[in-house]
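What the coordinates show
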Amino acid sequence: MAYSGVTATLVLIPGFPQTTTTNGYTNATTMLADQVVRADAVIDGYLSRRYTIPINGADTHTAAVPPLVRTLSQELTLAYTYRSYYTRDNVATSEYADQREKWALEMLEKIADAEMDVADTAGSV
């Protein structure tokens with residue numbers, strides 16, 4: 001189960017350094033796949049307060065992934081990927097990654113607190 005796909009997420013980070021060779025592409029997509037799992041686990045943790053997980057039995061092979069959930073998965077995946085790739089020395093930080101993660105977690109908190117709902121692709125809650 002995954003709310004966002006590796007290929008669709010990779011498109012959001014053009015010029016990602018590891019994607020210019022076959023081995024580099026394989027390494028990049030493997031790292032992204034790991035981060036998708038991590039992001040989706042965080043999402044499930046928040047959404048399980050109000051919804052049955054996975055949402056509508058959603059995965060990347062169905063149209064059942066609500067657009068907001070897909071966006072949140074991609075945002076967290078990107079944040080975790082940037083942090084894993086660019087801040088390996090545990091000293092450097094990525095304001096870009098931190099902002100993406102903060103936004104996604106704030107949205108998830110609003111959903112968990114019932115200040116916001118998740119609508120499916122047909123617009124139903």
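Residues numbered from 1 in each chain as written. Predicted model: local features only at pLDDT ≥ 70, side-chain atom pairs only at ≥ 80, totals over all residues. Heavy atoms only, no water.

Some thoughts on the overall build of the protein
When helices and strands are tallied, the protein shows four helices and zero strands. Going from N to C terminus, the protein has its helices and strands arranged as α-α-α-α. In the protein, buried positions account for 41% of the 125 residues. Pairs at least 24 apart in sequence give 71% of the contacts found in the protein among residues at least 6 apart. Roughly 6800 Å² of accessible area belongs to the protein as shown, and the carbon and sulfur atoms make up 52% of that amount. (Helix = DSSP H or I, 4+ residues; strand = E, 2+ residues; numbered from the N terminus. Buried < 20%, exposed > 50% of the residue type's maximum accessible area, 1.4 Å probe, protein only. Contact = heavy atoms within 4.5 Å. Areas by Shrake-Rupley, 256 points an atom, 1.4 Å probe, with all protein chains shown as cover.)

Points about the packing of aromatic side chains
Taken as a whole, this structure holds one aromatic pair when the rule is applied. Consider the rings of Tyr 82 and Tyr 96, whose centres lie 5.1 Å apart with planes at 80°: the pair is edge-to-face. Within this pair, whereas Tyr 82 is found in helix α3 (residues 67-86), its partner Tyr 96 is found in helix α4 (residues 95-112), the two being separated by 14 residues in sequence. Using a relative accessible area of 39% as the deciding quantity, one classes Tyr 96 as partly exposed. Taking NZ or CZ as reference, Arg 38 lies 3.9 Å from the ring centre of Tyr 80, over its face. (Phe/Tyr/Trp six-rings, centres within 6.5 Å; stacked < 30°, edge-to-face > 60°. Lys NZ or Arg CZ within 6 Å of the ring centre and 35° of its normal.)

Looking at the packing of helix α2 (residues 22-47) against α4
Running from N to C, α2 and α4 point in directions that differ by 25°, and their axes come no closer than 8 Å. On the basis of the axis angle, α2 is roughly parallel to α4. Contacts between α2 and α4 involve Val 42, Ile 43, Tyr 46 and Leu 47 on the former and, on the latter, Leu 105, Leu 108, Glu 109, Ile 111 and Ala 112. Classifying every residue of the contact of α2 with α4 by side-chain character gives eight nonpolar, no polar and one charged. (Axes fitted to C-alpha atoms, helices over the stretch in contact; angles between N-to-C directions. Parallel < 35°, antiparallel > 145°, perpendicular 65-115°, else oblique. Nonpolar A, V, L, I, M, F, W, Y, C, P; charged D, E, K, R; others polar.)

What to know about the nonpolar core
Proteins that are soluble and globular tend to have nonpolar side chains buried together. Among the nonpolar cores identified, the biggest contains 19 residues, and Ile 43, Leu 47, Val 69, Leu 72, Leu 76, Leu 108 and Ile 111 are the most heavily contacted of them. Of all the elements in the fold, those that place two or more residues in this core are α2, α3 and α4. Leaving out residues up to four positions away in the same chain, Leu 108 has contacts with Val 42, Ile 43, Tyr 46, Leu 47, Leu 72 and Leu 76. (Core = buried A, V, L, I, M, F, W, Y, C linked by side-chain atoms within 4.5 Å.)

Observations concerning the pattern of salt bridges
This model, assessed by the stated rule, comprises seven salt bridges. Close ionic contact of Glu 109 with Arg 49 constitutes a salt bridge, the shortest N to O distance being 3.6 Å. In this pair, Glu 109 is assigned in helix α4 and Arg 49 in the loop between α2 and α3, connecting sequence segments 60 residues apart. Of the charged contacts in the structure, one is a salt bridge between Arg 100 and Glu 75, with a shortest N-O distance of 2.9 Å. One end of the pair, Arg 100, is in helix α4; the other, Glu 75, is in helix α3, and 25 residues separate them in sequence. Given the relative accessible area of 15%, Arg 100 is considered buried. Judged by relative accessible area, Glu 75 falls into the buried class, the value being 16%. Counted as one network, the salt bridges with shared partners bring together Arg 49, Glu 109 and Asp 113. (Salt bridge = Lys/Arg side-chain N within 4 Å of Asp/Glu carboxyl O.)

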